[in-house]
Amino acid sequence: METLQHIIDVTNDLLWTYIMIAALIACALYFTVRSGFVQFRMIGEMIRQLANSNERHHEQGKHISPFQAFAVSLASRVGTGNLAGVATAIAVGGPGAVFWMWVIALIGSANAFIESTLAQLYKRRTEDSFIGGPAYYILHGLKCRWMAVLFSVLTILTFGFAFNTVQSNTLCEAVENAFGISHVYIGIAITVMTLIIIFGGIQRIAKVSSVIVPIMALGYILLALTIVVLNISQLPAVLELIFKNAFGVEQVVGGGVGAALMQGIKRGLFSNEAGMGSAPNVAATASTSHPVKQGLVQVLSVFIDTILVCTATAFLCMCSGIEPTEAISGAPYVQAALGKTLGAFGPAFITIAMILFAFTTLLGNLYYVDKCLIYMLRRVPGKTFMRVYHIIASLVIFVGAGLSADLLWNIADITMGGMTLINMPVILILSKYALRALKNYDEQRKDGKEPVFRARDIGLPHEVDCWK
């Protein structure tokens, strides 16, 4: 285990010290400029699309609505990474990590826009829903099946194993710390509940997520605001500490800025997944009249995930006055911060929130794996195959409850880094088609029309299944 841990640590340092930071920031800045700062200038349009997303679409039947697709992707994004991940980033990288989380969300949301719009452009039809994502735009846009298969394998490893074991482990740690219930019993409970819901497919996952996600996110943000208000005198010092730690001379000399930058981007990407290529798998499933509509909705989910929920965690932890240590980091840090302000109610509430956050993330993650399996097998697997796979995936969740948290976080960093290193060059190459779709959308809106898309309107040279 020590040798394995060493190999993982070395790989992580190489990947996240140089390669990932340069790739993510460079592409995000490029897409931001080329799209005319779409993530800032079209915030009103994002909200309008989300508000109108349950309107009747040109596709009926079992296809899910844009809001449901938004809820599933947000379910996967908003998880324990928003709580334990942020707390860990502050403990390891210092308060400056929060600033770099904000940066990667604000500019990285342009990556989310491009990849989700491409997912809509290249999506395919199935009997009961649409299907798409990076594997499909790699195959149909670049004609490179081996790369599409490699991406699918990395997605299965990342979401079927790495991310779900992290969620399970963090959830069990929080429950055991708050209520003294053994992680074995918690692991069994979440395994059974996961099986019940995923057996119902994307429609059931979408329905559960569209109810739980808005409630849990809003409730958590309100709680965090309450903590900040109760400790309002600490807020100016907290903001000063965040910016000072991100840019201060002392931090530059001591290497603190680098640690904050790495932790902020790692935990920010783990949380909002912008550019990783995960959310496009569900963005493609939405029934909508124009690909850009779902691209805009996915940008909004990045903002909600990082700018709202992650910031809420950072403020409630830092305003509490409790200093993170090696013993108090991750979920225990969040629980201790709430306990200091709200007494016994605080740890109990945050534990329940973590259960909901982690559980909906488990569902969203397994949906991503389902779609990658369908791509690799080139067909929708039979019920027996999927039942066996879902049982194995649920057992992985149970096993993750008892593994080392540090090992799981490090494995997740490597696998999501691999996904991102494949996805980013691909969307960079294909981005011209997403940008043409955005121009087409802007033109129709200027003419007072509700945008409707056809592939020939942007001269898309590849075969499409849904925009003829």
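Residues numbered from 1 in each chain as written. Predicted model: local features only at pLDDT ≥ 70, side-chain atom pairs only at ≥ 80, totals over all residues. Heavy atoms only, no water.

> How should I be thinking about the overall build of the protein chain in this particular structure?
Counting its regular elements, the protein chain contains 19 helices and two strands. Across the 468 residues in the protein chain, those meeting the buried criterion constitute 61%. (Helix = DSSP H or I, 4+ residues; strand = E, 2+ residues; numbered from the N terminus. Buried < 20%, exposed > 50% of the residue type's maximum accessible area, 1.4 Å probe, protein only.)

> Could you clarify how one ought to interpret the confidence of the model for the protein chain in this entry?
Predicted coordinates in regions of low pLDDT should not be interpreted in detail. Taken residue by residue, the protein chain gives an average pLDDT of 80. The fraction at 70 or more is 86%. For residues 56-61, every residue scores under 50 in pLDDT, and the model assigns this stretch nine contacts once sequence neighbours within four places are set aside. Low confidence marks residues 249-256, where pLDDT is under 50. Its contacts with residues over four positions away, or in another chain, come to seven contacts. (pLDDT = per-residue confidence, 0-100. Contact = heavy atoms within 4.5 Å.)

> Mind showing me how you'd approach the nonpolar core here?
Most often, soluble globular proteins have nonpolar side chains that are buried together. Counting residues in each nonpolar core, the largest one holds 96 residues, and the members touching the most others are Phe-113, Ile-114, Leu-118, Tyr-122, Tyr-137, Ile-138 and Leu-296. Sort the elements by how many residues they give to this core and helix 19 (residues 405-446) lands first, with 18 residues. Beyond its immediate stretch of four places on either side in the chain, Leu-296 contacts Val-38, Met-42, Glu-45, Met-46, Phe-113 and Tyr-441. Counting 43 residues, the second largest nonpolar core, distinct from the first, contains Trp-102, Ile-221, Val-228 and Phe-357. (Core = buried A, V, L, I, M, F, W, Y, C linked by side-chain atoms within 4.5 Å.)

> Looking at this model, I keep getting lost on the side chain of Ser-320. Mind explaining?
Its location among the elements puts Ser-320 in the loop between helix 15 (291-319) and helix 16 (331-342). Side-chain polar atoms of Ser-320 contact the backbone nitrogen of Ile-322, separated by 3.3 Å. Excluding anything up to four places from it in sequence, Ser-320 contacts Ala-337 and Lys-340. (Polar contact = N/O pair within 3.5 Å; in protein donor to acceptor, adjacent residues only side chain to side chain.)

> Is there a simple way to think about the pattern of salt bridges in this case?
This model, assessed by the stated rule, comprises seven salt bridges. Salt-bridge contacts for Asp-442 lead to Arg-41; the nearest nitrogen and oxygen are separated by 3.0 Å. Of the two residues, Asp-442 is situated in helix 19 and Arg-41 in helix 2 (residues 38-41); the sequence distance between them amounts to 401 residues. Here Arg-41 falls in the partly exposed class, since its relative accessible area comes to 43%. The salt bridge partner of Glu-450 is Arg-48, with a shortest N-O separation of 3.3 Å. Of this pair, Glu-450 sits in the segment after helix 19 while Arg-48 sits in helix 3 (residues 43-51), and the two are 402 residues apart along the sequence. The exposure class assigned to Glu-450 is partly exposed, which follows from its relative accessible area of 37%. Note on Arg-48: relative accessible area 23%, which makes it partly exposed. The network of salt bridges with shared partners includes Glu-45, Arg-48, Lys-293, Arg-445 and Glu-450. (Salt bridge = Lys/Arg side-chain N within 4 Å of Asp/Glu carboxyl O.)

> Would you mind showing me how to read the packing of helix 8 (residues 145-179) against helix 16 here?
Packed helix pairs are specified by the crossing angle of their axes together with the interaxial distance, meaning the distance between the axes. The contact between helix 8 and helix 16 brings their axes to 9 Å, and the two run at 40 degrees. In this view, helix 8 runs oblique relative to helix 16, as classed from their interaxial angle. With respect to the hand of their crossing, helix 8 and helix 16 are arranged in right-handed fashion. Residue-level contacts link Thr-170, Glu-173, Ala-174, Asn-177 and Ala-178 of helix 8 to Ala-331, Pro-332 and Gln-335 of helix 16. (Axes fitted to C-alpha atoms, helices over the stretch in contact; angles between N-to-C directions. Parallel < 35°, antiparallel > 145°, perpendicular 65-115°, else oblique. Left-handed = near helix turned anticlockwise from the far one by under 90°.)

> Would you mind going over the environment of Gln-298 with me for this structure?
With respect to the secondary-structure elements, Gln-298 resides in helix 15. Spatially, the C-alpha atom of Gln-298 lies 9.1 Å from that of Thr-117, the residues being 181 residues apart in sequence.

> Looking at this structure, I do not really get the packing of aromatic side chains. What am I missing?
Aromatic rings in a pair are described by how distant their centres are and how their planes are angled relative to each other. All chains considered together, the criterion is met by seven aromatic pairs. Ring plane angle 85 degrees and centroid distance 5.0 Å describe the contact between Phe-99 and Trp-100, whose orientation is recorded as edge-to-face. Ring centres of Trp-102 and Phe-315 lie 6.4 Å apart, and the angle between their planes is 85 degrees; on these two criteria the pair is classed as edge-to-face. One end of the pair, Trp-102, is in helix 6 (residues 96-121); the other, Phe-315, is in helix 15, and 213 residues separate them in sequence. Aromatic rings pair up to connect Phe-99, Trp-100, Trp-102, Phe-243 and Phe-315 into one cluster. (Phe/Tyr/Trp six-rings, centres within 6.5 Å; stacked < 30°, edge-to-face > 60°.)

> Would you mind going over the packing of helix 3 against helix 15 with me for this structure?
Look at helix 3 against helix 15: their axes get within 9 Å of each other, and the N-to-C directions meet at 105 degrees. In terms of their interaxial angle, helix 3 and helix 15 are classed as roughly perpendicular. Contacts between helix 3 and helix 15 involve Ile-43, Glu-45, Met-46, Ile-47, Gln-49 and Leu-50 from the former and Lys-293, Leu-296, Val-297, Val-299, Leu-300 and Phe-303 from the latter. Each residue belonging to the contact of helix 3 with helix 15 can be placed in one class, and the counts come to nine nonpolar, one polar and two charged. (Nonpolar A, V, L, I, M, F, W, Y, C, P; charged D, E, K, R; others polar.)

> Would you mind showing me how to read the state of the cysteines here?
Linking two cysteines covalently via their sulfur atoms produces the bond known as a disulfide. The tally for this structure, following the rule as stated, stands at zero disulfides. The thiol of Cys-317 is not disulfide-bonded; the next cysteine sulfur, from Cys-319, is found 9.7 Å away. (Disulfide = S-S within 2.5 Å.)

> Could you clarify how one ought to interpret helix 17 (residues 345-377) in this entry?
Along an α-helix, residues three or four positions apart point the same way, because every turn accommodates 3.6 residues. Here helix 17 contains 33 residues, and its C-alpha end-to-end distance of 48 Å stays within 8% of the 48 Å for a straight helix at 1.5 Å per residue. The buried fraction of helix 17 is high, at 24 of 33 residues. Taken from the residues just after helix 17, Arg-378 is the one with a positive phi, measuring 65 degrees. (Expected span 1.5 Å × (residues − 1).)

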